[in-house]
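This is what each chain is made of:
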Protein chains: 2
Amino acid sequence: MKQVAIIFSGCGVFDGAEIHESVLTMLHLESHGITYKCFAPNIDQHHVINHLTGEEQTQTRNVLTEAARIARGDIQDLALLNPEEFAALVIPGGFGVAKNLSDFAFKGADSQVLDALKTTCQQFNTQKKPIVYLCIAPALIGHIHAQGTLATIGTDPDTAAAVTALGAEHVNCEVNDIVVDEQQKVISTPAYMLATSISEASTGIEKAIAHLHKFIS
Amino acid sequence: MKQVAIIFSGCGVFDGAEIHESVLTMLHLESHGITYKCFAPNIDQHHVINHLTGEEQTQTRNVLTEAARIARGDIQDLALLNPEEFAALVIPGGFGVAKNLSDFAFKGADSQVLDALKTTCQQFNTQKKPIVYLCIAPALIGHIHAQGTLATIGTDPDTAAAVTALGAEHVNCEVNDIVVDEQQKVISTPAYMLATSISEASTGIEKAIAHLHKFIS
C-alpha cells in the first residue's frame, strides 16, 4: 500500500492550514486506498488570528501543536520526515502556507520558503515523487521546482503574477479542476482560493488526489 | 432548500469539536443538497489540551472563537440560534461535547448539560425536528429527549451504561451504522467512538445525514 506524507501549516484558514482542505485530503487519500502520515514544522506561528473577528490575538501558538488538532494527535515534526518512506507529498492550503511555511502573504514575489520545507520538497522532487499543492500552496512551486513548472492558484491576477514571478508558470483553473505538470509530477488545484462551498473544494481536491493516485500506481 | 444548524463545541478532539466529524458533517449535508449554519456557545473551554502531547496548556480559549476555525469564520453565538429557521440540528462529537457543552467527561451519569444547549435542543424536539448526535454527543440525549430514547455511542460498556443511566436506551452499534429513534427523530452514530480511520467515520456520518435527509424531505 502506498503511503503519502501531508504537511500542515497550523490549524485554521487565517493563520494555519485550511481545515476543510486538510480533512478532505485525508478523506480522498483513504478513498483511493492510500495511507498517509502527517507532519508540521515545530515553529511558532507567525501570529494567531481570532477566526470570529479577524483580529490578531496576543497569544503564541506552535504550528506543530496546532496542526496536531487536525491530525488527532497523530503527527510528527517535519524534521523527522524521511522522503524515502513516502511515495508522494501533499500540502493543503490556508494562510499558514503563506505565513508560517513561507512569507508569501507579506512579500509575494519576494518571498522565501522555510528551509526545512524547501529541502524536503526538493528531496521528493529529486526522487521523482509527485507533490500536490492545494489552494495558496502553489506559491511555493517556483522556489522548489524547475523554472516554468505549471501551477495554479485559480484566477486571481495579482496572486498569479506573483506565482509566475517566483519562477512557476501560472495557468488559470476553475475550482473543480486541476493543473498538472507531468514532467515535474506537480499537481495543483485552487480549492478555497475559489471555492464558495466545501463541496466545490472537495471536487477539485478529489480530482487532484485521483491524479496523484495514477502517478504513484 | 432545507437548512440545518450545526453546533460545535470548540476545535480539536481532546478539548473541543472533533474536526473530521465536523467537516464530514458539512460535506455530507451539502452532498444531500442541505444548507447549514454553524453555531457554538460563547463560553470559555473547560481547558486547553496540547494535542501533540496530551498535556493541559495554561491558556484560555473560547469555544465560539475556536469553533470559528472549523467554520472559516462563518459562525454565530449559540444564543442567536432560532430553531424556527432550521429544519434540523446536528451535533458533532469530540471531548468538547463532554467538557464544554456538558460535564459528561467528568461526571458521567451525574452530568449536566449547558442550559442554552439544552433549551435549544428541546425546542427542536418540541417542534418535531430531527437531531443528529455524533460520537459522544448521544450522552446528551437522556437530558433532552423522552425517557428511553434510542441512542448509541458504539459499544463501550461503561459509557453505554452512563448514557442509559441518564435516561436514554443505549443500543450497541457498529461504526458504519446508525441508531434511529423514529418517534423522537433522533439519529446517532459512533463515529470516532469506534472509527480507526476517517473513511470509517465518514461512512457512519454519511448514513446519519442520509437518514436526516429522509426525515426532512
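Our structure is the block above this text.
What counts, and where the lines are drawn
Residues numbered from 1 in each chain as written. Chains lettered and ligands numbered in written order. Predicted model: local features only at pLDDT ≥ 70, side-chain atom pairs only at ≥ 80, totals over all residues. Heavy atoms only, no water. Least-squares fit on C-alpha atoms with pLDDT ≥ 70 in both. Contact = heavy atoms within 4.5 Å. Salt bridge = Lys/Arg side-chain N within 4 Å of Asp/Glu carboxyl O. Buried < 20%, exposed > 50% of the residue type's maximum accessible area, 1.4 Å probe, protein only. Pairing = 2+ DSSP bridges. Helix = DSSP H or I, 4+ residues; strand = E, 2+ residues; numbered from the N terminus. Axes fitted to C-alpha atoms, helices over the stretch in contact; angles between N-to-C directions. 1 Å grid on protein atoms, 1.4 Å probe; cavity = no way out; pocket = protein on both sides within 12 Å on 5 of 7 lines; lining within 4 Å. Points joined across faces, edges and corners; volume = space filled by probe spheres on them. Nonpolar A, V, L, I, M, F, W, Y, C, P; charged D, E, K, R; others polar. Buried area = accessible area lost by both parts, 1.4 Å probe. Polar contact = N/O pair within 3.5 Å; in protein donor to acceptor, adjacent residues only side chain to side chain. Expected span 1.5 Å × (residues − 1). Parallel < 35°, antiparallel > 145°, perpendicular 65-115°, else oblique.

When chain A is fitted to chain B, the residual RMSD is 0.0 Å, and the transformation amounts to a turn of 180° plus an axial shift of 0.0 Å. Interpreted geometrically, this transformation is the action of a two-fold axis. Taking C-alpha positions as the reference, the residue of chain A nearest the rotation axis is Val23 of chain A, at 3.5 Å. Both copies contact each other with a shared surface, as 100% of the interface residues of chain A are interface residues in chain B too.

All names here are of chain A. Scanning all chains against the criterion turns up 12 salt bridges over all chains. When the shortest N-O distance is used, the salt bridge between Asp103 and Lys107 registers 3.7 Å. Residue Asp103 is classed as buried on the basis of its relative accessible area of 19%. Take Lys107: its relative accessible area is 48%, and that puts it in the partly exposed class.

Our next topic: the sheet that holds strand E6 (residues 88–91) of chain B. All names here are of chain B. Across the sheet, which stays open at both edges, the 7 strands sit in the order E5-E2-E1-E6-E7-E11-E10 with mixed pairing between neighbours. The open sheet has two free edges, formed respectively by strand E5 (75–77) and strand E10 (179–181), since each of these has just one partner strand. Across the sheet, the mean angle from the axis of one strand to that of its neighbour is 25°, orientation sign disregarded.

The next thing to look at is the layout of surface pockets. There is about 340 Å³ of room inside the largest pocket. Secondary-structure elements contributing two or more residues to the lining of the largest pocket are helix H1 (19–31), strand E2 (35–40) and strand E5 (75–77) of chain A. Looking at which element gives the most residues to the lining of the largest pocket, the answer is E2 of chain A, with 4 residues. When grouped by side-chain class, the residues that make up the lining of the largest pocket number 8 nonpolar, 5 polar and 4 charged. Along the wall of the second largest pocket there are 16 residues; nearest its centre are Met26, Tyr36, Cys38, Ala71 and Asp74 of chain B. Looking at the lining of the second largest pocket, the elements with two or more residues in it are helix H1 (19–31), strand E2 (35–40) and E5 of chain B. Among the elements that take part in the lining of the second largest pocket, E2 of chain B stands out by supplying 3 residues, more than any other. For the lining of the second largest pocket, the class distribution of residues is 8 nonpolar, 4 polar and 4 charged.

Glancing now at the interface of chain A and chain B. In this assembly, 37 residues from chain A lie in contact with 37 residues from chain B. In total, about 3,100 Å² of surface goes out of reach between chain A and chain B, with carbon and sulfur atoms giving 57% of it. Of all residues in chain A, Leu52, Arg69 and Arg72 of chain A give up the largest surface area on contact with chain B, accounting jointly for 26% of the area buried on that side. The shortest N-O distance in the salt bridge between Glu66 of chain B and Arg61 of chain A comes to 2.9 Å. Counting every contact that joins chain A to chain B gives 16 residue pairs in polar contact (both at pLDDT 80 or more). Elements with a contribution of two residues or more to the side of chain A that touches chain B: H1, strand E3 (48–49), helix H2 (63–70) and helix H8 (198–216) of chain A. Of the residues belonging to the side of chain A that touches chain B, the class tally is 18 nonpolar, 12 polar and 7 charged.

The next subject is the sheet that holds E2 of chain A. Strand pairing in a sheet takes place through backbone hydrogen bonds and is either antiparallel or parallel in direction. Residue and element names in this part refer to chain A. With mixed pairing, 7 strands are arranged side by side in an open sheet as E5-E2-E1-E6-E7-E11-E10. Only two strands of the sheet have a single neighbouring strand rather than two, namely E5 and strand E10 (179–181). Sheet twist, expressed as the mean angle between neighbouring strand axes with direction ignored, is 25°. With 3 bridges connecting them, E2 and E5 associate as parallel partners. Note that in E5 the partner of Cys38 across the bridge is Ile75. The strands that H8 touches are strand E1 (3–7), strand E6 (88–91), strand E7 (131–134), E10 and strand E11 (186–189); relative to E11, the one it contacts most, it runs at about 170°.

Our focus in this paragraph is H1 of chain A. Think of an α-helix as 3.6 residues a turn; residues three or four steps apart then line up on the same face. Residue and element names in this part refer to chain A. Taking 1.5 Å of rise per residue, the 13 residues of H1 would be expected to cover 18 Å, and the 18 Å separating its terminal C-alpha atoms lies within 8% of that figure. Most of H1 is tucked away, with 11 of its 13 residues classed as buried. Ile19, His20, Glu21, Ser22, Val23, Leu24, Thr25, Met26, Leu27, His28 and Leu29 are the residues of H1 that are buried. The N-cap residue of H1 is Glu18: its side-chain oxygen and the backbone nitrogen of His20 are 2.9 Å apart. Gly33 occupies a position one or two residues after H1 and carries a positive phi of about 75°.

Residues and elements named next belong to chain A. Relative to the helices and strands, Gly204 is located in helix H8. Exposure remark for Gly204: the relative accessible area of 0% places this residue in the buried category. Apart from residues lying up to four places away in sequence, Gly204 is in contact with Val175, Asn176, Asp177, Ile178 and Thr189.

For the rest of this paragraph, the subject is the environment of Ile216 of chain A. For Ile216 of chain A, the location among the structural elements is in helix H8. Remark: the alpha-carbon pair of Ile216 of chain A and Phe8 of chain A, spanning 208 residues in sequence, is separated by 21 Å.

A word on the packing of H8 of chain A against H1 of chain B. It is the contact of H8 of chain A with H1 of chain B, at a shortest axis distance of 9 Å, that shows an interaxial angle of 95°. For the element pair H8 of chain A / H1 of chain B, the angle class is roughly perpendicular. Contact residues: H8 of chain A offers Ile198, Ser199 and Ser202 of chain A, while H1 of chain B offers Val23, Met26, Leu27 and Glu30 of chain B.

The subject of this paragraph is unusual backbone geometry. Despite not being glycine, Lys128 of chain A shows a phi value in the positive range, around 55°. With respect to the helices, strands and loops of the structure, Lys128 of chain A is situated in the loop between helix H5 (115–126) and E7. Backbone geometry at Ala191 of chain B places phi at a positive 45°, although glycine is not the residue there. Within the element layout of this structure, Ala191 of chain B appears in the loop between strand E11 (186–189) and helix H8 (198–216).

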